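Structural overview for review
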Amino acid sequence: MITQKDVLHVAKLARLSLTDDEAAQFTEQLGRVLGYMEQLNEVDTEGVEPMSHPIPVVNVMRDDEIVRDLDRQALMANAPVTEGAFFKVPKIGE
Amino acid sequence: MAIDYKASTINDLTQLYRSGEATPSQVLEAYIKRIERDEARVGAFITTTFDEAREIAHRLDKRLADAPETIDWDKETLFGVPVALKDNMCTQGVKTTCASKILGDFRPPYDGTAPGRLRAHGAVFVGKTNLDEFAMGSSCENSAFMRTTNPHNADYVPGGSSGGSAASVAADFAVAALGSDTGGSIRQPASFCGVVGMKPTYGLVSRYGLVAFASSLDQIGPFTRTAYDAALVLAAMCGQKDPRDSTSLEDPFGKTFNKRGFAALDQGFVKAMQAKTGQEIYKGARVGVFKELMGQGNDPQVDKAVSASIERMRELGATITEVSLPNAKYALAVYYILATAEASANLARFDGVRYGLRDPKAKDLLNMYLETRHEGFGPEVKRRIMLGTYALSSGYYDAYYKKAQQVRRLIASDFERVFAECDFLVSPTSPIPPFKFDEKTGDPLTMYLADVATIPANLAGIPGISLPCGTTDNDLPIGLQMLGPQLSDAHLLQYAHGLQQSAD
């Protein structure tokens, strides 16, 4: 059973801050959804190869060529804060 | 004289343009007029793009008047056709929000491949349609910005997540629209709004420029009034490898992927299909009735309408057998593990650094992430990120994620097995008709159950189509789902077309 402590831990992994109300609500809701998923335990999957993709395509390569694609300024135009050619973020750690 | 071009198909418009009875601008103005009249009630669009649409229509008018010989009608199959796009597809310079606060002001610097191909075929984009935030939902109620109502009755939801696109076609705001389908997000709203909606075979349409939700399940597809128009739109955007999407198939109808040798979905096939009658199409067809999706748990009105369509197929010459896919009942559990796991990874990119919202108050980077995502995402998106992160987290990976991937293979194998004896399967698109607002928002699991019939196709990567097949006592649409083997898209559309032909 998922506990509120688990929920807060997962929220941190997912980089989400939660209010107390959200944490309580998610604990209850995720508990029910995970309970529903328990039914998978009744399926015998011994030796079944996990399926990660619907179509078997592997190692799709293209030629390693330099191409001019999108303009840097256009790409950076949506950034909340920039400085010159850089994205600017608050300080990292202490 | 004001013609409103109501309920026009793509062919209707093409005929009007070729005969000189109308111009793209005249048609566009009729559509804009209708949007301006009814949009307050329907709420299909997050953004309308009338200025750009008018400019493009004028250019098409000019070509039609001055240089009609430069128009190749066999190639420019969407010439002057008003089209709406789900607002999770990138359009250069036009806001692309995913109905999320976190992308509220995002203007992509490029066009997605699928919208770009429609544009190259002559389509005129009238706007970007509402959806459940990041395509997560089944009713459009998870949009951060607005409510879309069902054009058949404003007390009811349009379905989701591509509810705005479905509503735009049903309300005659566009002749066609694009949606994306991860677990039913095209087919279910098509069913609720009484239009045709198709999820193609995975890899047939490039996902470049589609904001990713669950990359192994997402696929772009059309909404239209007829299966024939759906074929025209899909043929315009499928089939070519896109170097920008490594999962788009190289030569999909060639030998590598198309083991069963299905016909290629191209304009030639679509044209030939038009002349065929329902009997010609259904003669010898082997139809499988998807046992696990009929009967128990379904609204009886839905089963009744679906059974009537099956009966019509029999009259047209098909043989009908009931088939069982015993692992299909696990599809919902599998889906909500895999889709949320993939979503938790895909949505990690929304971090307040390169685009979108940022919490300006945070003093350090970690808090900037935490607060930006707290403010930017709505409750359902948070719930799914949490669920996916949990399923992938250390100690739970084998029990949830790996197990779900294994059961996914069993579901895909069930389809393989039944398609050896059937050309396609039929079921309801949704076990229930459209529901009312707030009816299912209290409990996430109840809402998830709305996708029970559509999810298996995404897990197996097969094509699925929803066709209107009747109405409830209170005149709400019911949808028939048809599912075919991988790359049988052309055939599936032809079967759908045959059924619609014979109903007219």
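Values in this document were obtained by computation on a predicted structure and should not be read as measured data. (Residues numbered from 1 in each chain as written. Chains lettered and ligands numbered in written order. Predicted model: local features only at pLDDT ≥ 70, side-chain atom pairs only at ≥ 80, totals over all residues. Heavy atoms only, no water.)

Right, let's get into the packing of aromatic side chains. All names here are of chain B. Enumeration according to the criterion identifies 21 aromatic pairs over all chains in this entry. Judged by centre distance (6.0 Å) and plane angle (25°), the rings of F45 and F173 are stacked. You can see F45 sitting in strand β1 (residues 45-48) and its partner F173 sitting in the loop between α5 (163-170) and β4 (176-181), a full 128 residues away along the chain. Consider the rings of F424 and Y495, whose centres lie 4.6 Å apart with planes at 35°: the pair is tilted. Of the two residues, F424 sits in strand β9 (residues 424-428) while Y495 sits in helix α17 (residues 489-503), which places them 71 residues apart along the sequence. (Phe/Tyr/Trp six-rings, centres within 6.5 Å; stacked < 30°, edge-to-face > 60°. Helix = DSSP H or I, 4+ residues; strand = E, 2+ residues; numbered from the N terminus.)

Moving on, we come to the pairing of strand β7 (residues 286-290) of chain B. All names here are of chain B. Here β7 lies mainly inside the structure; four of its five residues are buried. Of the strand pairs in this sheet, β7 and strand β8 (residues 319-323) are connected by five bridges, and their pairing is parallel. Counted as the bridge partner of G288 is T321 from β8. This β-α-β element, β7 to helix α10 (residues 300-315) to β8, shows right-handed connectivity. (Buried < 20%, exposed > 50% of the residue type's maximum accessible area, 1.4 Å probe, protein only. Pairing = 2+ DSSP bridges. Right-handed = clockwise from strand over helix to strand, strands pointing away.)

What follows is about the side chain of N88 of chain B. Inspection of the secondary structure puts N88 of chain B in the loop between β2 (82-86) and α4 (113-120). Setting aside its immediate chain neighbours within four residues, N88 of chain B contacts T96, C98, L131, A135, S180, G209, L210 and V211 of chain B. (Contact = heavy atoms within 4.5 Å.)

Our next topic: the interface of chain A and chain B. In this complex, chain A contributes 53 residues to the contact, which on the side of chain B involves 72 residues. The largest per-residue losses of area from chain A upon contact with chain B belong to L40, M51 and N78 of chain A, which jointly make up 13% of the total buried on that side. Taken together, the links from chain A to chain B amount to three salt bridges. Between R32 of chain A and D443 of chain B there is a salt bridge, with its nearest N and O atoms 2.9 Å apart. In this assembly, chain A and chain B are joined by 23 residue pairs in polar contact (both at pLDDT 80 or more). For the side of chain A that touches chain B, the secondary structure elements donating two or more residues are α1 (4-13), α2 (20-37) and α3 (72-76) of chain A. A total of nine residues in the side of chain A that touches chain B trace back to one element, the largest contributor, which is α2 of chain A. The residue inventory of the side of chain A that touches chain B, partitioned by class, reads 34 nonpolar, nine polar and ten charged. (Buried area = accessible area lost by both parts, 1.4 Å probe. Salt bridge = Lys/Arg side-chain N within 4 Å of Asp/Glu carboxyl O. Polar contact = N/O pair within 3.5 Å; in protein donor to acceptor, adjacent residues only side chain to side chain. Nonpolar A, V, L, I, M, F, W, Y, C, P; charged D, E, K, R; others polar.)

The next subject is the packing of α1 of chain A against α2 of chain A. All names here are of chain A. The N-to-C vectors of α1 and α2 enclose an angle of 115°; their axes lie 9 Å apart at closest approach. Between α1 and α2, the angle falls in the class roughly perpendicular. Seen from above, α1 lies across α2 with right-handed handedness. Contact with α1, carried on its side by Q4, V7 and L8, involves D20, A23, A24, F26 and T27 of α2 and no other residues of that element. Within the contact of α1 with α2, the residues separate by chemical class into five nonpolar, two polar and one charged. (Axes fitted to C-alpha atoms, helices over the stretch in contact; angles between N-to-C directions. Parallel < 35°, antiparallel > 145°, perpendicular 65-115°, else oblique. Left-handed = near helix turned anticlockwise from the far one by under 90°.)

Residues and elements named next belong to chain B. Bridge count between strand β5 (residues 196-199) and strand β10 (residues 464-471): three bridges; the pairing is antiparallel. The partner of K199 across the bridge, within β10, is G464. Sheet analysis places β10 next to strand β11 (residues 477-483), joined by seven bridges and oriented antiparallel. Counterpart to S466 in the pairing with β11 is Q481. Hairpin connection from β10 to β11: five residues lie between these consecutive antiparallel strands, with D475 at a positive phi of about 65°.

Here we come to the side chain of E133 of chain B. Residue and element names in this part refer to chain B. Inspection of the secondary structure puts E133 in the loop between β3 (124-129) and α5. Of the buried charged residues, E133 lacks a salt bridge, with K101 as the closest side chain of opposite charge at 8.4 Å. From its side chain, E133 meets the backbone nitrogen of G378 in a polar contact 2.9 Å long. With residues up to four places along the chain from it excluded, the contact list for E133 reads C98, A99, S100, K101, N142, S143, G376, F377, G378 and V381. (Lys, Arg positive; Asp, Glu negative; His and termini not counted.)

The next point concerns the confidence of the model for chain B. If pLDDT is low for a region, its predicted coordinates should not be looked at in detail. When pLDDT is averaged along chain B, the result is 96; 100% of the residues meet or exceed 70. Under the prediction, the complex receives an ipTM of 0.95, its pTM being 0.97. (pLDDT = per-residue confidence, 0-100.)

All names here are of chain B. The mixed open sheet is built from eleven strands, whose spatial order is β1-β3-β2-β4-β6-β5-β10-β11-β9-β7-β8. Looking at strand neighbours, the two that pair on one side only are β1 and β8, the edges of this open sheet. In this sheet, adjacent strand axes meet at a mean angle of 30° when their direction is disregarded. Here β1 pairs with β3 via three bridges, running antiparallel. The residue bridging T48 from the neighbouring strand is G127, located in β3. Packed on one face of the sheet, helix α2 (residues 24-42) meets β1, β2 and β3 and runs near 20° to β3.

One pass over the structure, following the stated rule, counts 28 salt bridges over all chains. A salt bridge links D72 of chain B to K75 of chain B, with the nearest nitrogen and oxygen atoms 3.7 Å apart. Under the relative-accessibility criterion, D72 of chain B is labelled partly exposed at 32%. Using a relative accessible area of 59% as the deciding quantity, one classes K75 of chain B as exposed. Of the charged contacts in the structure, one is a salt bridge between E380 of chain B and R383 of chain B, with a shortest N-O distance of 2.7 Å. Remark: R383 of chain B and E380 of chain B occur in helix α13 (residues 379-392); sequence separation between them is three residues, near one turn of the helix. By the burial criterion, E380 of chain B is buried, and R383 of chain B matches it. Each member of the salt-bridge network shares a partner with another, and the members are E28 and R32 of chain A together with D443 of chain B.

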